[in-house]
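An overview of the molecular structure
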Amino acid sequence: MQNLTAQNTQLEEDLIALHTGNSQSKEWFYQSVLKILQAPNLSAFMKADRLAEAFANLDVKIDYIKEQQRLLMHLKQQLELAKTYGKEEISKALLSFGVTKLEGLKISSLTVSKATQQSVAKLEILDEDALLKAGFFKVELVDLEAVEQALLSADQRHEVEKYADMSIEIVHKPATIRINRRKSFVSDESAYVEEVA
């Protein structure tokens, strides 16, 4: 995939523009959807396919980007390792000539740092269960589910009501769509069965 924006339909362009979240981009996308839904030369099946295809194409782009990110992360790790090993080898080469500092024109200098050794404690757990039973653990989080159940319980409410409260809030979730993928592609429209809502 050379160019992620190559050959996008107007619907896809308007869908991608929704990332701004502004009312103008939402209106453009809405109008593109209406244009497809009102097209007299398209069957209901084709309209559904066109709308879903825009999302499928976005999924392909997202998957491509994820793969590129994975490859770039792998390349970054390789380059960082190469840089580290390269510095070590230059240091070794300079020290083989008895040189600890090499002056440059574009850079001030290359300076060899001394090799160091330090002791670092490395903990290895042999029996985690035994350590937990012996009391070597810490609790850091409030058990929200237990607090919620206590607030709803007549027996335990008095234990937590000073420290927690529960309220009901209305969360607005705008209407959306779900794209149902076909398990096998059917090319003949006569094989489709139109559902009556």
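An account of the accompanying structure is given in this report. Please read these numbers as outputs of a predicted model, since none were measured by experiment.

Before going further, it helps to spend a moment on the overall build of the protein chain. What the protein chain contains, in helices and strands, is 6 helices and 2 strands. Ordering the α and β elements of the protein chain from the N terminus gives α-α-α-β-β-α-α-α. Burial statistics for the protein chain: of 197 residues in total, 13% are counted as buried. Of all intrachain contacts in the protein chain linking residues separated by at least 6 positions in sequence, the fraction that spans at least 24 positions is 36%. Split by element, the accessible area of the protein chain, about 18,200 Å² in all, is 56% carbon and sulfur.

Here we take up a nonpolar patch on the surface. On the surface, Ile 90, Leu 102, Ile 107 and Leu 110 cluster together into a nonpolar patch covering about 340 Å² of accessible area. Its place among the elements puts Ile 90 in helix H3 (residues 44-96). Judged by its relative accessible area of 46%, Ile 90 is partly exposed.

So, on to the pattern of salt bridges. The final tally for this structure, using the stated rule, is 5 salt bridges. Lys 76 is the partner of Glu 80 in a salt bridge, and the nearest nitrogen-oxygen pair spans 3.3 Å. With Glu 80 and Lys 76 both in helix H3 and 4 residues apart, this pair spans about one turn of that helix. On the basis of relative accessibility, which here comes to 44%, the residue Lys 76 falls in the partly exposed class.

So, on to the side chain of Ser 91. Along the chain, the position of Ser 91 falls in helix H3. If sequence neighbours within four positions are ignored, Ser 91 has contacts with Val 112 and Ser 113.

On to the packing of helix H1 (residues 10-17) against H3, then. Running from N to C, H1 and H3 cross one another at 60°; their axes reach a closest spacing of 9 Å. By the criterion of interaxial angle, the relationship of H1 to H3 is oblique. At the point where H1 passes H3, the crossing takes the right-handed sense. Together, Leu 11, Glu 12, Leu 15 and Ile 16 of H1 and Arg 50, Leu 51, Ala 54, Phe 55, Asn 57, Leu 58 and Lys 61 of H3 make up the contact between the two elements. Residue classes in the contact of H1 with H3 are distributed as 7 nonpolar, 1 polar and 3 charged.

Turning to the packing of H1 against helix H2 (residues 23-37), a few remarks are in order. Between H1 and H2, the least distance of the axes is 8 Å, while the angle of their chain directions is 155°. Classified by the interaxial angle, the pair formed by H1 and H2 is roughly antiparallel. Here the hand of the crossing between H1 and H2 comes out left-handed. Residues Gln 10, Leu 11, Asp 14, Leu 15 and Ala 17 of H1 form the contact with H2, whose participating residues are Ser 25, Trp 28, Phe 29, Ser 32, Val 33 and Ile 36. Class assignment for the residues of the contact of H1 with H2 results in 7 nonpolar, 3 polar and 1 charged.

Core analysis: the biggest nonpolar cluster contains 9 residues, these being Leu 11, Leu 15, Phe 29, Val 33, Ile 36, Ala 39, Leu 42, Leu 51 and Ala 54. Secondary structure elements with two or more residues in this core: H1, H2 and H3. It is H2 that contributes the most residues to this core, 3 residues altogether. When near neighbours in sequence (up to four residues on either side) are disregarded, Leu 11 contacts Phe 29, Ser 32, Val 33, Ile 36, Arg 50, Leu 51 and Ala 54.

The rules behind each value
Residues numbered from 1 in each chain as written. Predicted model: local features only at pLDDT ≥ 70, side-chain atom pairs only at ≥ 80, totals over all residues. Heavy atoms only, no water. Helix = DSSP H or I, 4+ residues; strand = E, 2+ residues; numbered from the N terminus. Buried < 20%, exposed > 50% of the residue type's maximum accessible area, 1.4 Å probe, protein only. Contact = heavy atoms within 4.5 Å. Areas by Shrake-Rupley, 256 points an atom, 1.4 Å probe, with all protein chains shown as cover. Patch = residues over 30% accessible without salt bridge, like charges linked within 9 Å, V, L, I, M, F, W, Y side chains within 5 Å. Salt bridge = Lys/Arg side-chain N within 4 Å of Asp/Glu carboxyl O. Axes fitted to C-alpha atoms, helices over the stretch in contact; angles between N-to-C directions. Parallel < 35°, antiparallel > 145°, perpendicular 65-115°, else oblique. Left-handed = near helix turned anticlockwise from the far one by under 90°. Nonpolar A, V, L, I, M, F, W, Y, C, P; charged D, E, K, R; others polar. Core = buried A, V, L, I, M, F, W, Y, C linked by side-chain atoms within 4.5 Å.

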